[in-house]
Amino acid sequence: ASTAAKAGRVEWALDAVKRALRHSPKAVQDSTFDSIISSLCKVCPDESVLVAARLLHMLRSRGGEVALETQGALIAAAAKQGHVQLSLSLYKDACARAARARAQQAQQSPATAAPIPAVARGSLVDALCHAGMAEEAWEVAGAPAIDTPSHGAVVGPPASSGVDAVGEAEGGFQHDGADALGDRTVMRLITASVRGGSGAVSLTRALSYYDALKRREGGATRLVELPRRGGGAMWTCLIEACVREGELERALGVFDDMRACRAAGGASAHAGRATLAYLSSACMRDVLYRPRVREVAAQLQEEQTASLAQTQIDAEVHA
C-alpha cells in the first residue's frame, strides 16, 4: 500500500489499507499511513483532504504519528480547500509538536527536526484572511517560523518609526514568521488586518506588515508586481484607514507609493475614486497638507478617465 501511494495509486492503496485494518489493524505500519496521507494531499480534492484527516485521527488513536512535513502538507491542502478550522487546528498541533522536538533537542543533541513547509503557513494565512479571521491570521503570521534551520531563531525586521514603533512597543506586535510568507499572502494579510478590526490597533498591524513588505529585497519591485486582484483593495484599505485614524502623513506616504508603482506599470496600483475623494477632502481640511490636494485630484481624474475608458470598451465588447 505504501509503494502504491508513493506511485500515485491512492485509491488502490486506500483499499489495501482498509482490507488490512479489517483483518489486522496493527499490521498497517505508521509509514504506510504517512505515505497515503501525503499522496492524498497532493491529489487535493475536497473529499481526499477529509479522508486524509480521518486517517491521521485513526493513526493517532493507536499511538502513531506522521512526519511534520506530511502534517504540513495536510495543513496546506485543508486550507486551500476551505477547511479553515481543520487547518488551523492541525497547525497549532504542529507548533506544539515542533516545540516538544526543540525541547528534546536541547537536552539531547543539536540535530534538527523535520520542518513544516512554509507553504503550509502561507496557505493557512490566505485561508484565514479570506474567511475574515484576522486575529487568527495575525497569530499564525506573527509566530516565529518553525520551518527555518534554527527552528524559531528568526530575526524580525528592524523596528519602524512613527505609529508602527509605538504600536510594536505598546502592543507587542511581532511578525517574525511573516518573513517566510509570500508577497501575495502578506498583501492579503494587510487588507485583512484593516478590514478585520477597527481603530489604531488594526491599522498599526497593517502598516507593520506593509513596512515589512517594503523592506524586503527589491521592495519597490515587489510592490509593482503585486497582482491586480487584491492589490487595489490593499491600497484602498490602507489609505482609508490612515485618514480615518488621523494618520494623514502615512496616508499620503501610501498614496505616493501607489503612484510610483502605477508609473512603473503596476497592475495593482489603483484606489477607488471614493477613497481618493476622501483623501483629498482630508488634505483640504488640514492647512499643512493642503498643497497635496492637487496631486490627489490629478490621480482622481486619472482614475475617472480610466474608468470611463473601461466602460466604453465593455460596451463595445457586448454590443
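Residues numbered from 1 in each chain as written. Predicted model: local features only at pLDDT ≥ 70, side-chain atom pairs only at ≥ 80, totals over all residues. Heavy atoms only, no water.

1. Quick notes on the overall build of the chain
Here is step 1 of the chain: Broken down by element type, the chain carries 16 helices and 0 strands.
Here is step 2 of the chain: When the 319 residues of the chain are sorted by exposure, 46% land in the buried category.
Here is step 3 of the chain: For the chain, the exposed area adds up to about 16,000 Å²; of that, 53% sits on carbon and sulfur atoms. (Helix = DSSP H or I, 4+ residues; strand = E, 2+ residues; numbered from the N terminus. Buried < 20%, exposed > 50% of the residue type's maximum accessible area, 1.4 Å probe, protein only. Areas by Shrake-Rupley, 256 points an atom, 1.4 Å probe, with all protein chains shown as cover.)

2. A closer look at helix 11 (residues 199-215)
Here is step 1 of the chain: Between its first and last C-alpha atoms helix 11 spans 25 Å; for 17 residues at 1.5 Å apiece the expected length is 24 Å, and the two agree.
Here is step 2 of the chain: With 12 of 17 residues buried, helix 11 is to be regarded as a mostly interior element.
Here is step 3 of the chain: For helix 11, the full list of buried residues reads Ser202, Leu203, Thr204, Arg205, Ala206, Leu207, Ser208, Tyr209, Tyr210, Asp211, Ala212 and Leu213. (Expected span 1.5 Å × (residues − 1).)

3. Some thoughts on the pattern of salt bridges
Here is step 1 of the chain: Applying the stated rule across the entire model yields 12 salt bridges.
Here is step 2 of the chain: For the salt bridge of arginine 60 with glutamate 65, the shortest nitrogen-to-oxygen distance reads 3.1 Å.
Here is step 3 of the chain: Among the ionic pairs, lysine 214 bridges to aspartate 257, the shortest N-O distance being 3.0 Å. With lysine 214 in helix 11 and aspartate 257 in helix 14 (residues 248-263), the pair connects residues that are 43 residues apart, well separated along the chain.
Here is step 4 of the chain: Accessibility expressed as a relative area gives 18% for aspartate 257, which makes it buried.
Here is step 5 of the chain: Connected through shared salt-bridge partners, Arg60, Glu65, Asp93 and Arg97 make up one network. (Salt bridge = Lys/Arg side-chain N within 4 Å of Asp/Glu carboxyl O.)

4. Concerning the environment of valine 293
Here is step 1 of the chain: Along the chain, valine 293 falls in helix 16 (residues 293-318).
Here is step 2 of the chain: Given the relative accessible area of 13%, valine 293 is considered buried.
Here is step 3 of the chain: Here the alpha-carbon distance between valine 293 and serine 280, two residues 13 residues apart in the chain, equals 5.4 Å.

5. What about the packing of aromatic side chains?
Ring pairs (aromatic) are described by centroid distance and by the angle formed between their planes.
Here is step 1 of the chain: Evaluated as defined, the whole model comprises 1 aromatic pair.
Here is step 2 of the chain: Arranged with centres 6.0 Å apart and planes meeting at 80 degrees, the rings of tyrosine 210 and tryptophan 235 form a pair that is edge-to-face. On the criterion of sequence distance, the pair formed by tyrosine 210 in helix 11 and tryptophan 235 in helix 13 (residues 228-244) is long-range, its members being 25 residues apart.
Here is step 3 of the chain: Classification of tryptophan 235 as buried rests on a relative accessible area of 0%. (Phe/Tyr/Trp six-rings, centres within 6.5 Å; stacked < 30°, edge-to-face > 60°.)

6. Things to note about the nonpolar core
Here is step 1 of the chain: Judged by nonpolar contacts, the single largest core of 77 residues is most densely connected at Ile190, Trp235, Leu238, Leu248 and Leu279.
Here is step 2 of the chain: No other element matches the 8 residues that helix 13 contributes to this core.
Here is step 3 of the chain: The contact partners of tryptophan 235, leaving out residues within four places of it in the chain, are Tyr210, Leu223, Val254, Asp257, Met258, Cys261, Ser268, Ala269 and His270. (Core = buried A, V, L, I, M, F, W, Y, C linked by side-chain atoms within 4.5 Å. Contact = heavy atoms within 4.5 Å.)

7. Section: the packing of helix 13 against helix 15 (residues 273-285)
Here is step 1 of the chain: The N-to-C vectors of helix 13 and helix 15 enclose an angle of 30 degrees; their axes lie 10 Å apart at closest approach. By the criterion of interaxial angle, the relationship of helix 13 to helix 15 is roughly parallel. Seen from above, helix 13 lies across helix 15 with left-handed handedness. On helix 15, the residues touching Thr236, Ile239, Glu240, Val243 and Arg244 of helix 13 are Thr275, Tyr278, Leu279 and Ala282.
Here is step 2 of the chain: Across the contact of helix 13 with helix 15, the residue classes tally to 5 nonpolar, 2 polar and 2 charged. (Axes fitted to C-alpha atoms, helices over the stretch in contact; angles between N-to-C directions. Parallel < 35°, antiparallel > 145°, perpendicular 65-115°, else oblique. Left-handed = near helix turned anticlockwise from the far one by under 90°. Nonpolar A, V, L, I, M, F, W, Y, C, P; charged D, E, K, R; others polar.)

8. Quick notes on the packing of helix 5 (residues 68-80) against helix 7 (residues 118-130)
Here is step 1 of the chain: Contact geometry of helix 5 with helix 7 gives a least axis separation of 8 Å together with a crossing angle of 25 degrees. Considering the angle they form, helix 5 stands roughly parallel to helix 7. As helix 5 runs across helix 7, the sense of the crossing is left-handed. Every residue of helix 7 that contacts helix 5 at Gly72, Ile75, Ala76, Ala79 and Lys80 is listed here: Val119, Ala120, Ser123, Leu124 and Ala127.
Here is step 2 of the chain: When the residues that make up the contact of helix 5 with helix 7 are grouped by side-chain class, the tally is 7 nonpolar, 2 polar and 1 charged.

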